[in-house]
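Commentary on secondary and tertiary structure
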Amino acid sequence: MRVIVTVVEKIVSEAHIDIPDGLNKSAIKQYIVDRYNTGEMSTDMNIFQVEFESISARIVQEQSDAKSA
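Think of each chain on its own: its residues are numbered from 1, step by step along the sequence as written. With pLDDT at 70 or above as the cut-off, local features in this predicted model cover only qualifying residues; side-chain atom pairs require 80 or more to be listed or tallied, and sums for whole chains, interfaces and linings still use all residues. To obtain the side-chain values, all non-hydrogen atoms of the structure were included, while hydrogens and water were left out.

Some thoughts on the confidence of the model for the protein chain
- What pLDDT conveys is the predictor's confidence in a given residue, as a value from 0 to 100. Confidence in the prediction for the protein chain averages 82 pLDDT; 81% of positions are at 70 or higher.
- Helix and strand definitions here come from DSSP, where helices need a minimum of 4 consecutive H or I residues and strands a minimum of 2 consecutive E residues; each element is numbered from the N-terminal end. Mean pLDDT across the elements of the protein chain bottoms out in strand E2 (residues 46–60) (81) and peaks in helix H1 (residues 25–37) (93).

Written out as structure tokens, the structure is:
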């Protein structure tokens, strides 16, 4: 029997970045989003917690490779 298992995870990551001084709240958010979107922040990400949101399984009907005579 072949089963396809689908796991949905919630991953909590933490990144430590330096941002320029003097930015307001909106500018800080935009600075962080820009760093994330350009990939500059992803190399600094450290996954420290993973929680399972859901897990499911689907049975797949196997096809026989045997030829009938």
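Points about the pattern of salt bridges
- For salt bridges, the criterion is a side-chain nitrogen of Lys or Arg within 4 Å of an Asp or Glu carboxyl oxygen. Scanning the entire structure with this criterion turns up 2 salt bridges.
- The residue Glu 51 makes a salt bridge to Lys 10 at a minimum N-O spacing of 3.9 Å. One end of the pair, Glu 51, is in strand E2; the other, Lys 10, is in strand E1 (residues 2–14), with 41 residues separating them in the sequence.
- Residue Glu 40 is joined to Arg 35 by a salt bridge in which the shortest nitrogen-to-oxygen separation is 3.5 Å.
- Exposure categories follow from relative accessible area, calculated using a 1.4 Å probe and restricted to protein chains: below 20% of the type maximum is buried, above 50% is exposed, and the middle band is partly exposed. A residue is classified by how much of its surface remains accessible, and Arg 35, at 22% relative accessible area, is partly exposed.

Details of the environment of Ala 57
- Tracing the backbone shows Ala 57 in strand E2.
- A C-alpha to C-alpha distance of 5.5 Å links Ala 57 and Ile 4, two positions 53 residues apart in sequence.
- By the convention used here, residues are in contact when the closest approach between their heavy atoms is within 4.5 Å. When sequence neighbours within four positions are dropped, the list of residues in contact with Ala 57 reads Val 3, Ile 4 and Val 5.

What about H1?
- The span expected for a helix works out to 1.5 Å for each residue beyond the first. In this model H1 runs 18 Å from its N-terminal to its C-terminal C-alpha over 13 residues, within 8% of the 18 Å that 1.5 Å per residue would give.
- The N-cap of H1, judged by a side-chain oxygen 3.2 Å from the amide nitrogen of Ser 26 a few residues on, is Asn 24. The term polar contact refers here to a pair of N or O atoms within 3.5 Å; inside protein, the definition further demands a hydrogen-donor-capable atom paired with an acceptor-capable atom, and it admits residues adjacent in sequence only when both atoms are side-chain atoms.

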